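# Structural features, examined
So the chains spell out like this:
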Amino acid sequence: MFTQRRGEPRQAFDYPMFNQNILVFFAPFVKRFTIHIKKCIVINMNKFEAIKILSESKASSNLNVCLTECLKYENVEFFDVGAGAVCFTLKNSGLCMLGGSAEGLIADNIPSSVKNYFTPDKRIAEIIKAKTGRSVTPCVQVIYKAADIKIPDGVTIKKLNADIKTAEFVAARYTLHYSPEEVLQVLKNRVMLGAYVNGEMAGFIGMHEERSVGMLEVFVNFRRMGLGTLLINEMIKYFEENGFKPFCHIIATNEKSLNLHKKMDCDMQKGFVYWL
């Protein structure tokens, strides 16, 4: 910088020095930005390769829908991409997803400190079981399409607010164990819908971390009113309107849920997908 006293002739501005100072100031930001861009390029290349591998795998494209939807929309970390195998985790949840060829999967590349594993391939499920000692839970995968179901008078469906009060209310009434903090993450990062009968909440439904339809709960006093089917259908509409593939996983021994879905116009996939 320069100083100029009153009455003195105007001094020439030192542009080279000014430019040098600007470059020195912005250099760290430019470096971090460049590193970030390189990481994004690598991740997107891995995503492209992973989707290609899954499209060529022995499992049907529909059984791979859970993996491909997460690759499209979620922030992931890759552990294995290549030789016909795919292994990645969802950064915000610790869920590990695997697909492609069991023969191409390197067991040492499978992370061990994760919350859950998912794969559409039974052979990969057995590899994970041998590595971690976890039990394998077969599930039926359902691909949905929205139906023309009229919402009855006195019933409203609306998106739940993303606040701790709502999260605590849902966590206290959900059959499966979710902490209020976990429910709050669903409310903030994904979506939950609530069914109300004459202004009173009667049930809810949400999107799981692997982007499937789930977290369905209808309160005891409001059952056998068709609210479960109505909530599922409204969530399917939300998925379709936002460009997502609506699907869910039902534990193979859950006859109640399987029978409910058999009454709906949906595609229940042949074969199983596996959770560990």
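Worth saying up front: this structure is predicted, and the values here are computed from it rather than measured. Going along each chain's sequence as written, the residues are numbered from 1 onward. For this predicted model, a pLDDT threshold of at least 70 governs which residues receive local features, and a threshold of 80 or more governs which side-chain atom pairs are given and counted, while totals over whole chains, interfaces and linings are taken from all residues. Note: side-chain values were computed over all heavy atoms of the structure, leaving out hydrogens and water.

## A look at helix 5 (residues 180–189)
A turn of α-helix holds 3.6 residues, and therefore any two residues three or four places apart point the same way. Buried means the residue's accessible area, taken with a 1.4 Å probe over protein chains only, is under 20% of the maximum for its type, while exposed means over 50%, and partly exposed covers the values in between. Put simply, DSSP marks the helices as runs of H or I at least four residues long and the strands as runs of E at least two long, and each gets a number from the N terminus on. Those residues of helix 5 lying buried are V183, L184, V186 and L187. The buried residues of helix 5 occupy one face: seen down the axis, they fall within an arc of 155 degrees. For helix 5, the exposed residues lying more than 90 degrees away from the buried face are E181 and K188. Next to the buried residues of helix 5 lie helix 4 (164–173), strand 7 (192–197), strand 8 (200–207) and strand 9 (213–218). Here the arc refers to the directions that run from the helix axis out to each C-beta atom. Contacts are assigned to residue pairs that have any heavy atoms within 4.5 Å of one another.

## Details of the state of the cysteines
A pair of cysteine sulfur atoms is labelled a disulfide when the two atoms are within 2.5 Å. For the coordinates displayed, the defined rule picks out 0 disulfides. Of the cysteine sulfurs around C66, a residue in no disulfide, the closest is that of C70, at 4.8 Å. Here C96 stays unpaired: no disulfide links it, and the sulfur of C87, its closest cysteine neighbor, is 3.9 Å away.

## Notes on the environment of R123
Among the structural elements, R123 can be located in helix 3 (residues 122–132). The sequence separation of R123 and A102 amounts to 21 residues, and the corresponding C-alpha distance is 6.1 Å.

## Let's talk about the pattern of salt bridges
Here, a salt bridge means any Lys or Arg side-chain nitrogen found within 4 Å of an Asp or Glu carboxyl oxygen. Under the definition given, this model contains 5 salt bridges. A salt bridge links D121 to R123; the nearest nitrogen and oxygen atoms lie 2.9 Å apart. D121 gets classed as buried once you look at its relative accessible area, which sits at 9%.

## Focus: the environment of K91
As for its placement among the helices and strands, K91 is situated in the loop between strand 2 (85–90) and strand 3 (95–100). Take K91: its relative accessible area is 45%, and that puts it in the partly exposed class. When the C-alpha positions of K91 and E74 are compared, they lie 8.2 Å apart, and in sequence the two are 17 residues distant. With near-sequence residues (within four places) excluded, K91 lies in contact with N75, V76 and E77.

## Things to note about the sheet that holds strand 6 (residues 155–159)
A sheet is described by the order of its strands in space; here 4 strands give the open sequence 6-7-8-9, paired in antiparallel fashion. Since the sheet does not close on itself, it has two edges, and those belong to strand 6 and strand 9, each with one partner. Each strand axis lies, on average, 20 degrees off the axis of its neighbour in the sheet, ignoring direction. Of the strand pairs in this sheet, strand 7 and strand 8 are connected by 6 bridges, and their pairing is antiparallel. We treat two strands as partners when DSSP finds at least two bridges between them. Between the N-to-C directions of two axes lies an angle of 0 to 180 degrees, each axis being a line fitted to C-alpha atoms and, for a helix, fitted only over the stretch in contact.

## Topic: the packing of helix 4 against helix 5
Taken N-terminus to C-terminus, the directions of helix 4 and helix 5 make an angle of 120 degrees; their axes are 8 Å apart at the nearest point. One finds that helix 4 runs oblique with respect to helix 5. In terms of crossing hand, the pair formed by helix 4 and helix 5 is right-handed. Between helix 4 and helix 5, the residues in contact are I164, T166, A167, E168, V170 and A171 and P180, V183, L184 and L187, respectively. Polar here means any residue other than Ala, Val, Leu, Ile, Met, Phe, Trp, Tyr, Cys and Pro, which are nonpolar, and Asp, Glu, Lys and Arg, which are charged; Gly is therefore polar. The residue makeup of the contact of helix 4 with helix 5, split by class, is 8 nonpolar, 1 polar and 1 charged. Roughly parallel here means an angle under 35 degrees, roughly antiparallel means over 145, roughly perpendicular means 65 to 115, and every remaining angle is called oblique. Throughout, a crossing is termed right-handed when the near helix is turned clockwise from the far one, and left-handed when it is turned anticlockwise from it by less than a right angle.

## Here we look at the nonpolar core
Within soluble globular proteins, side chains that are nonpolar tend to cluster in buried spots. Residues belong to one nonpolar core when they are buried, are Ala, Val, Leu, Ile, Met, Phe, Trp, Tyr or Cys, and are joined through side-chain atoms within 4.5 Å. Among the nonpolar cores identified, the biggest contains 44 residues, and Y144, L160, V183, M192, F204 and L227 are the most heavily contacted of them. Here this core gets 7 residues from one element, more than from any other, and that element is helix 6 (residues 227–241). Core analysis: the next-biggest nonpolar cluster, separate from the first, contains 22 residues, I53, V65, C66 and V86 among them.

Read these as geometric descriptors, not functional statements.
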